[in-house]
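Each chain, letter by letter, is given below.
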Amino acid sequence: MGERKRVPLGIFAVLLLISASSFQLLRASDDADDAIFYESFDEDFPDRWIISQKDEYSGVWKHAKSEGHDDYGLLVSEKARKYAIVKELDQAVSFKDGTVVLQFETRLQNGLECGGAYLKYLRPQEAGWKPKEFDNESPYSIMFGPDKCGSTNKVHFIFKHKNPKTGEYVEHHLKAPPSVPSDKLSHVYTAILKPDNEVQILVDGEQKKKANFLSADDFEPPLIPPKTIPDADDKKPEDWDEREKIPDPSAVKPDDWDEDAPLEIVDEEAEKPEGWLDDEPEEIDDPEATKPEDWDDEEDGEWEAPKIENPKCEAAPGCGEWKRPMKRNPAYKGKWHAPLIENPAYKGIWKPRDIPNPAYFELKKPDFEPIAAIGIEIWTMQDGILFDNILIAKDDKIAESYRETTWKPKFSVEKEKQKAEEAEAGSNGLAGFQKKVFDLLYKIADIPFLSAYKPKIHDLIEKGEEQPNLTVGILVAILVVFVSIFFRIIFGGKKQPTKVEKTNVDSSAKNQSGENGENEENKENKEKEESSSAPPRRRSTRREN
């Protein structure tokens, strides 16, 4: 009999996971009746979803399998394109009856350097609106999901709320949102909106952020406007003196004060050191340097050998022309100024008086607009973004069940495959260490008190991912950032002077509104556009001395 081949345990485990995933995916449909809305993309989408027909949205959506699975999803198939697609719900989803759970899966199959993968939950549109006209201006109630480009690296949670006093919609952004996972695996994003004003953001079933809709510490701008605002019509009196100290009017410059004396003078007592080499230059042409074979004098200019330190100067006290050094002038006093004294007319820093805010209102819970449609409207420089298993439910247990049956089996298979590839490539060494370091740093960047430094930390991490050989240098740079933050916390930063800005009430209200001003999403789109149009670097044509 022939020798029986032994199946590696790692491959056997992967096969088991694939079998289990097929069984569990079948079970997902059992819970479909418990969901308010569920889209699995098992079938092709054109009969259920409407692609925007606006010219700017040229990106092609495809019904495609997730790599390594038989599970289908909605695929972003081209780079550097705008995409827009929408699904109108049979019945609008209200937030007034209790908990609402928003959940969906994404897989960044080619990674994500600059692009969005978020969903927009649209409120009821104006009469006459057509799904084929869906675009960036279509008003939404909630925007949720990952986005990464330039300094932006966050899982957005933004909601628009109508001010009952002004009738304007204001866009409120979650502060210090979690970061986007940096791998190419399937991930599931969950937002749980509870009737007690709490929202929880989960990534892969793990809570990454908890916030309160009524807390000024959790959203920017706060949902509840301030009770008072500066009076834009209030003007500073002409005789208002804000100078705390003034020059002493009785002070007189001393007779012996020479304002023209220089700060430094030549040290006449200095003598040239013995052995100084006057005729030797400090640098000489490198005698071992040779002109590169591919150097083109017409294109690159006349070739010049690089400079090195003159070896003759190493043993001597110095080379070149000797000059007497400068020393501080003992007669220097600088420009004379009268000493400062307390200003007897000082009245303090003026600021306009506060008046009642006409936009102020009180409420016990936010009045969310219902969800009438789900849209994906993104601008991305990446392809391979796959959306799947979009869910709206009334119970977080239902969302958990879907994660267990639709996402977790796929993620487990992908994770095992990733481990096998890392082991095969010898990633148990430096590369594996680097990945663990970067994953840890992304988690550290999510710590709330580091939110102000988050873009800087992300920038350093991304440089390290692009150039793994710089890992040690990146760690040192981030350590310097942490030490700086530590000293600021311990010793405090320099107190900045109060800046008073006078704004008109009507214009400030418009600037608050996400529909009357440029919102954060548009700014991030600009970053994506700039990243796609950056000019190529030119070859240096001449060696710099």
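These numbers come from a predicted model, not from an experiment. For every chain, the first residue of its written sequence is number 1, and the numbers climb from 1 along that sequence. Since the coordinates come from a predicted model, pLDDT governs what is reported: local features require at least 70, and pairs of side-chain atoms require 80 or more to be given and counted, while whole-chain, interface and lining totals use all residues. Values shown for side chains rest on all heavy atoms present in the structure; no hydrogens or waters enter the calculation.

Enquirer: Which parts of the structure should I look at to understand the overall build of the protein chain?
Expert: Helix and strand labels come from DSSP, where a helix needs a run of H or I of at least four residues and a strand needs a run of E of at least two; each type is numbered from the N terminus. A count of helices and strands for the protein chain gives nine helices and 25 strands. Within the protein chain, contacts between residues separated by at least 24 positions form 76% of all contacts whose residues are at least 6 apart in sequence. Of the roughly 32,700 Å² of accessible surface on the protein chain, 50% is carried by carbon and sulfur atoms. We call two residues contacting when some pair of their heavy atoms lies within 4.5 Å. Residue exposure ignores everything except the shown protein chains as possible cover, and the areas themselves are Shrake-Rupley values with a 1.4 Å probe.

Enquirer: Help me understand the state of the cysteines in this model?
Expert: Each disulfide consists of a covalent bond between the sulfur atoms of two cysteine residues. The disulfide criterion used throughout: a pair of cysteine sulfur atoms within 2.5 Å. Taken as a whole and judged by the stated rule, the model has two disulfides. Disulfide pairing is shown between cysteine 114 and cysteine 149; the S-S distance is 1.9 Å. Where cysteine 114 bonds to cysteine 149 through sulfur, the torsion about that S-S bond is close to -70°, and the disulfide is left-handed. Within this pair, whereas cysteine 114 is found in the loop between β6 (100–108) and β7 (115–116), its partner cysteine 149 is found in strand β9 (residues 140–149), the two being separated by 35 residues in sequence. Classification of cysteine 114 as buried rests on a relative accessible area of 5%. With a 1.4 Å probe rolled over the protein chains alone, any residue whose accessible area is under 20% of its type maximum counts as buried; one over 50% counts as exposed, and the rest are partly exposed. Judged by its relative accessible area of 3%, cysteine 149 falls in the buried class.

Enquirer: Sorry if this is basic, but what is going on with unusual backbone geometry here?
Expert: Only a minority of non-glycine residues have a phi that is not negative, and only a minority of peptide bonds are not trans. Residue proline 221 follows glutamate 220 across a cis peptide bond; omega there is -10°. Mapping proline 221 onto the fold places it in the loop between β15 (219–220) and β16 (228–230). You will see that alanine 176, though not glycine, has its phi angle at about 50°, which is positive. For alanine 176, the position within the fold is in the loop between β11 (169–174) and β12 (186–193). Here alanine 176 falls in the partly exposed class, since its relative accessible area comes to 25%. One non-glycine residue, asparagine 389, adopts positive backbone phi at about 50°. Structurally, asparagine 389 is set in strand β25 (residues 385–393).

Enquirer: Just to check I follow, could you spell out the packing of aromatic side chains for this structure?
Expert: The way to describe two aromatic rings as a pair is by their centre distance and the angle between their planes. Paired rings are identified among Phe, Tyr and Trp, the last through its six-membered ring, by centres lying within 6.5 Å, and are further divided according to the angle between planes into stacked (under 30 degrees), edge-to-face (over 60) and tilted (the rest). Scanning the model with the defined rule gives 17 aromatic pairs in all. On the numbers, 5.6 Å between centres and 35° between planes, the contact of phenylalanine 41 with tryptophan 49 is tilted. The burial state of phenylalanine 41 is the same as that of tryptophan 49; both residues are buried. Joined through ring pairs, the aromatic side chains of Trp61, Tyr83, Phe95, Phe104, Phe144, Phe157, Phe159, Tyr189, Phe213, Phe219, Phe368 and Phe387 make up one cluster. Across from the ring centre of tyrosine 169, 3.6 Å away, lies the NZ or CZ of arginine 123, which sits over that ring. Only when the NZ of Lys or the CZ of Arg is both within 6 Å of the ring centre and within 35 degrees of the ring normal is a charge said to sit over the ring. The ring of tyrosine 140 carries lysine 160 above its face, with NZ or CZ at 4.5 Å from the centroid.

Enquirer: What is the right way to look at the pairing of β9 in this model?
Expert: The side chains of a regular strand alternate, first on one face of the sheet and then on the other. Most of β9 is tucked away: ten of the ten residues are buried. Note on pairing: DSSP must find at least two bridges between two strands before they are called paired. Where β7 and β9 come together, two bridges link them in antiparallel fashion. Directly across from glycine 116, in β9, lies its bridge partner aspartate 147. Across four bridges, strand β8 (residues 119–122) lies against β9 in antiparallel orientation. From the neighbouring strand, tyrosine 121 faces β9, where its bridge partner is isoleucine 142. Two strands pair when backbone bridges link them, and β9 and strand β10 (residues 152–162) are joined in this way by eight bridges, in the antiparallel orientation. When the bridges of β10 are listed, proline 146 appears paired with valine 155.

Enquirer: What am I meant to see in helix α4 (residues 396–424) here?
Expert: Every α-helical turn comprises 3.6 residues, leaving residues that sit three or four positions apart pointing alike. For a helix, the expected span equals 1.5 Å multiplied by the residue count minus one. Over its 29 residues, α4 runs 39 Å from end to end, which matches the ideal 42 Å to within 8%, given 1.5 Å per residue. Where α4 bends most, at tryptophan 407, the angle is about 45°, and the proline proline 409 comes one to four residues later. With a side-chain oxygen positioned 2.8 Å from the backbone nitrogen of lysine 397, the residue opening α4 is aspartate 395. Bend at a residue means the angle formed by two fitted axes: the first through the 7 residues ending at that position, the second through the 7 residues beginning there. Distance and chemistry together define a polar contact, namely a pair of N or O atoms within 3.5 Å, with one atom able to donate a hydrogen and the other to accept it when in protein, and with adjacent residues in sequence counting only for side-chain atoms on both sides.

Enquirer: Where do I start with the nonpolar core in this structure?
Expert: Buried together is how nonpolar side chains tend to be arranged in soluble globular proteins. By size, the foremost hydrophobic cluster in this structure holds 56 residues, and its most contacted members are Tyr121, Phe144, Phe157, Leu193, Phe387 and Ile392. At six residues, strand β5 (residues 81–93) tops the list of elements feeding residues into this core. Throughout, nonpolar core names a set of buried Ala, Val, Leu, Ile, Met, Phe, Trp, Tyr and Cys residues whose side chains join them through atoms within 4.5 Å.

Enquirer: Would you take a moment to explain the pattern of salt bridges for this structure?
Expert: A side chain of one charge can pair with a side chain of the opposite charge if their charged atoms are brought near each other. One speaks of a salt bridge when a side-chain nitrogen belonging to Lys or Arg is within 4 Å of a carboxyl oxygen belonging to Asp or Glu. Tallying each qualifying case throughout the model produces 28 salt bridges. A salt bridge links lysine 236 to glutamate 242; the shortest N-O distance between them is 3.7 Å. Lysine 408 is the partner of glutamate 404 in a salt bridge, and the nearest nitrogen-oxygen pair spans 3.8 Å. One end of the pair, glutamate 404, and the other, lysine 408, are both in helix α4, four residues apart, so they sit about a helical turn from each other. When its relative accessible area of 35% is taken as the criterion, glutamate 404 is described as partly exposed. Since its relative accessible area comes to 38%, lysine 408 is described here as partly exposed. By sharing partners, the salt bridges in this structure join Asp71, Glu105, Asp388 and Lys410 into a single network.

Enquirer: Please explain the environment of lysine 307 as it appears in this structure.
Expert: Inspection of the secondary structure assignment puts lysine 307 in strand β20 (residues 307–309). Judged by its relative accessible area of 43%, lysine 307 falls in the partly exposed class. With 20 residues separating them in the primary sequence, lysine 307 and proline 287 have C-alpha atoms 9.2 Å apart. If near-sequence neighbours (up to four positions away) are discounted, lysine 307 is found in contact with Glu283, Ile284 and Asp285. Within polar-contact distance, the side chain of lysine 307 engages the side chain of aspartate 285 at 2.7 Å.

Enquirer: Would you explain a negative patch on the surface in this entry?
Expert: Taken together, the side chains of Glu282, Glu283, Glu309 and Glu314 define an acidic patch exposed on the protein surface. With a relative accessible area of 60%, glutamate 309 lands in the exposed category. Residues enter patches when their relative accessible area tops 30% and they take part in no salt bridge; the joining distance is 9 Å for like charges and 5 Å for the nonpolar side chains Val, Leu, Ile, Met, Phe, Trp and Tyr. As used throughout, the charge tally considers Lys and Arg to be positive and Asp and Glu to be negative, leaving His and the chain termini uncounted. Here the site of a charge means NZ on Lys, CZ on Arg, CG on Asp, or CD on Glu.

Enquirer: I would appreciate a short explanation of the side chain of glutamate 198 in the present structure.
Expert: Among the secondary structure elements, glutamate 198 is positioned in strand β13 (residues 198–203). A relative accessible area of 18% means that glutamate 198 is categorised as buried.

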